[in-house]
Amino acid sequence: MLVFCNTKKNGGFSFFFFISMSWLGMAIMVVLLSSSTSAAVVSYDHRALLLDSQRRLLISGSIHYPRSTPEMWADLIQKSKEGGLDIIETYVFWNVHEPVQNQYNFEGRYDLVKFVKMVQAAGLYVHLRIGPYVCAEWNYGGFPLWLHFMPGIKFRTDNEPFESAMQKFTAKVVDIMKEAQLFASQGGPIILAQIENEYGNIDSAYGSAAKSYINWAASMATSLNTGVPWVMCQQPDAPDPIINTCNGFYCDQFTPNSAKKPKMWTENWSGWFLSFGGAVPHRPVEDLAFAVARFFQRGGTFQNYYMYHGGTNFGRTSGGPFIATSYDYDAPIDEYGLVRQPKWGHLRDLHKSIKLCEEVLTGTDPVLTSLGPNLEAHVYRLGSGKCAAFLANVGTQSDAMVTFNGNSYHLPAWSVSILPDCKNAVFNTAKITSQANHFEMEWLKPAFKLQSSQQVGDSLNVLQSDWSWVIEPVGISMSTAFTKLGLLEQINTTADESDYLWYSISMDVDKDEPFLSNGSQVSLHVSSLGHVLHAFINGEFAGRAIGNNGNVKVTMDKPITMRAGHNTIDLLSVTVGLQNYGAFFDTSGAGITGPVTLKGFKSGTVDLSSKQWTYQIGLKGEQSSLYGSEGTNDAPWVSGSELPKNRPMIWYKTNFDAPDGSDPVALDLTGLGKGQAWVNGQSIGRYWPTYIAPQSGCSDTCNYQGSYTSSKCQRNCGKPSQTLYHVPRAWTQPSGNTLVLFEEIGGDPNQISFAMRSFGSMCGHVSELHPAPVDAWDSRSEARAMSGPELRLECPSPGQVISSIKFASFGTPQGACGSFRQSKCSSNTALSIVQEACIGLRNCSLSVSIKKFGDPCKGVTKSLAIEAVCK
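The text that follows walks through the structure, step by step, so that each part is easy to find. (Residues numbered from 1 in each chain as written. Predicted model: local features only at pLDDT ≥ 70, side-chain atom pairs only at ≥ 80, totals over all residues. Heavy atoms only, no water.)

On to the overall build of the protein, then. Scanning the protein for helices and strands turns up 13 helices and 49 strands. Against the 2.2 N^0.38 benchmark of 29 Å for 871 residues, the protein shows a C-alpha radius of gyration of 30 Å, consistent with a compact globule. Its C-alpha atoms put the protein at 100 × 80 × 55 Å along the principal axes. Residues counted as buried form 59% of the 871 residues belonging to the protein. The contacts of the protein with a sequence gap of at least 6 include a subset with a gap of at least 24, amounting to 72%. (Helix = DSSP H or I, 4+ residues; strand = E, 2+ residues; numbered from the N terminus. Rg over C-alpha atoms; globule rule 2.2 N^0.38 Å. Buried < 20%, exposed > 50% of the residue type's maximum accessible area, 1.4 Å probe, protein only. Contact = heavy atoms within 4.5 Å.)

This brings us to the pairing of strand 27 (residues 468-471). Bridge analysis of strand 27 against strand 38 (residues 638-639) gives two bridges, and the strand direction is antiparallel. Note that in strand 38 the partner of W469 across the bridge is V638. (Pairing = 2+ DSSP bridges.)

This part takes up unusual backbone geometry. A cis geometry characterises the amide bond from D240 onward to P241, with omega recorded as 5°. Along the chain, the position of P241 falls in the loop between strand 13 (230-233) and strand 14 (243-248). Each neighbour pair has its own omega, and for Q341 with P342 the value is 15°, a cis peptide bond. If you check the backbone angles, N102 has positive phi at about 70° while not being a glycine. Among the secondary structure elements, N102 is positioned in the loop between helix 2 (94-97) and helix 3 (112-121). N102 gets classed as partly exposed once you look at its relative accessible area, which sits at 45%. With phi around 65°, Y329 is a residue other than glycine that occupies positive phi space.

Before going further, it helps to spend a moment on the pattern of salt bridges. Overall, the coordinates contain 30 salt bridges when judged by the stated rule. Across the pair R156 and E196 runs a salt bridge whose closest N-O atoms are separated by 2.8 Å. One end of the pair, R156, is in the loop between strand 11 (125-131) and helix 4 (160-179); the other, E196, is in the loop between strand 12 (190-195) and helix 5 (208-223), and 40 residues separate them in sequence. Using a relative accessible area of 1% as the deciding quantity, one classes R156 as buried. Judged by its relative accessible area of 2%, E196 is buried. Here the salt bridges share partners, and the residues they tie into one network are R316, D496, D499 and R686. (Salt bridge = Lys/Arg side-chain N within 4 Å of Asp/Glu carboxyl O.)

Now for the environment of R340. Tracing the backbone through its elements, the reader meets R340 in the loop between strand 16 (302-309) and helix 7 (343-355). Once the C-alpha coordinates of R340 and E836 are considered, the two residues, 496 residues apart in sequence, prove to be 28 Å apart. Discounting residues that sit within four places of it in the chain, R340 has contacts with D328, D330, A331, P332, I333 and D334. Among the polar contacts made by the side chain of R340, one reaches the side chain of D328 at a distance of 2.8 Å. (Polar contact = N/O pair within 3.5 Å; in protein donor to acceptor, adjacent residues only side chain to side chain.)

This model, assessed by the stated rule, comprises eight disulfides. Across the disulfide, C387 is cross-linked to C422 (sulfur-sulfur distance 1.8 Å). Between C387 and C422, the S-S dihedral sits near -75°, and the bridge is therefore left-handed. Pair noted here: C387 is in strand 19 (residues 387-393) and C422 is in the loop between strand 22 (415-419) and strand 23 (427-428), with a separation of 35 residues, a long-range link. Residue C387 is classed as buried on the basis of its relative accessible area, which comes to 9%. Across the disulfide, C763 is cross-linked to C817 (sulfur-sulfur distance 2.1 Å). (Disulfide = S-S within 2.5 Å.)

Honestly, it's all geometry; don't read function into it.
Okay, structure coming up:
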């Protein structure tokens, strides 16, 4: 047994740290003796994490603090708590905290201490995933670019320069958390920490050095004496006492690498990320709930949603490449901070149902019983007579009626029912009783202040938006430009200080070249590692090539017009986020590495690859900080009646008043091409509304039954991947706001507008076969009688009441929220009953029964469908 003891501090001992080599059913135990704080003992055994020696069944959700604003954090955390979460999980993002070596930033959106304390104030725990490699569709996987330039470094392997830097940052984060008393061993909310991240997915590429690196990382982490267990996700060989965990769409079949470790799921992907040029992902809540229930059915006791709130990739933080600015992830709380119904509500009810079984689930192991083909029951029994059961239909085609303990249960295909007493089904993953909320984007035009109109003769001048602009020079325009022989890889050249790198070369063309007289053109060929390429010949745009999320490399073959005498070829290479995943991802590179050739000369093909090139890192407008609060005032902005439109390489600026109210705000950048946008100097991210998703791959309906993949149930095919860009309310003021755009490929800024995400209507659709609301469960009742199913509606804001009923039908209504329609089987009194029960109230509840509505069609299973409006 090893014992570590801190010296006496502030009148008490900080903590003792024990590692028991015999385990004795528990890998780690920490005891804090302090005169000022209350210690928590965090340990684990084969069934669960133990908090103060009590096994806990824990529901967690990921919220990444830099992907929202501090003003949003409290509301996001509270909604997570109300959704049934126990834990907030977050990565720690090295590149934003140490953008320059030894220069740290833990302020604003990067104030990790503030975020963790806000979680603690809400009464929740924290899982701190330090990494420091995070993946997360985050630029360069979260690594700072200066790390790339350390002599002799090799990332994520047994390499001394890398391990030294990794240990230094990890220790820095741990020390900051300790200083703020945030580990559970100090009375804080952090009950888990993570080192490395999904290394097991790619470690074979690193050979024998991978094993020694993982052993080093585990030893380094535990030596920091956090007083809480450490985990490694997707690491089957994680050494003791590190807990290995699972990531994926399904983890019910996962088994930890030791019988002394609990079954933990650190990433249950609630949806998927959006790529520029891709369709919008969607994961049905029926499938997500099925995956969660199956995990707990088969012995799991810790589950985390990745993501619970995805947020926004502000600035240049998105990775990929080609990860979109929206990181909504189809999460239970959407990008704007609004609960996504019915996903949020259905999962809340699932969490309540599972928590009813906590004592039994954590107290024993399940026993499996077959109920038929694709039908099974997992039963948990304690000696005290307590019992809980999960009944599953893992088939994808047919519903089933099963008999269990002498009772019959309806199990839809691909669903799980939860029986907290092995008798009454309190929840089924396919039967949604939660309401659906329909949010609408309310477009506000004109979005921007207008110039005063002027009367000219008998006509009124057309109002023009008050835009000013600066033309971005094509090619070399900065004194920092430099020349080199040959073509330079982009990341090594720019260190990611900018998305942009100019490659410029000049050449003289002899007047006797045949193409000058016969009307033919020269063919320009450029090969690039990615991600976007623009070509200009003698200052005029000549063509572009773009990659995509599946293939970032680009090749351009364009006929170009050259003239006799001096010619300049300017190639602008553009990155769209740096690689964030894969073995040796840091060496993938970007930019023009050649060859660059010209065909059509009488001497044959001219290879320019090894010639002398002039390079410029970034744009003139970036150097002048045109996007910043200072640069926007001092720069040579031009204004006038003839606004340049549909031209590449131009900066636009205007002033605007923030939309009234408190609803979330977005910019609809339809009409623009590609670029970046800033509001009051804050970057709202890259925009690219002209990148269209493929025409195929989507459908009008989505069948939740069967295994989910990221390409299943996609939406928005044939449309722009993203047109709406979140503008946090905290970044605006009532009036006098500044919007700056850098338009890279050409567009019309007069077409853009603001939009507010406003509540439209809410719906419910509950059948006689649905379970009663989970909170109707009464464990104190001897009979444990359950009431029948109910349809419940609640306006999303405290000040709202139900003002009208757009639709109400009891019988066999058809359609979905927003498009309900009656069938021949419909109660004549449904609308009046619903109006009487709901109008004027913030919430209402109606029994789904023939006793309430009468029986419009005997012998048929009936349902109640309602759509209501709140004001």
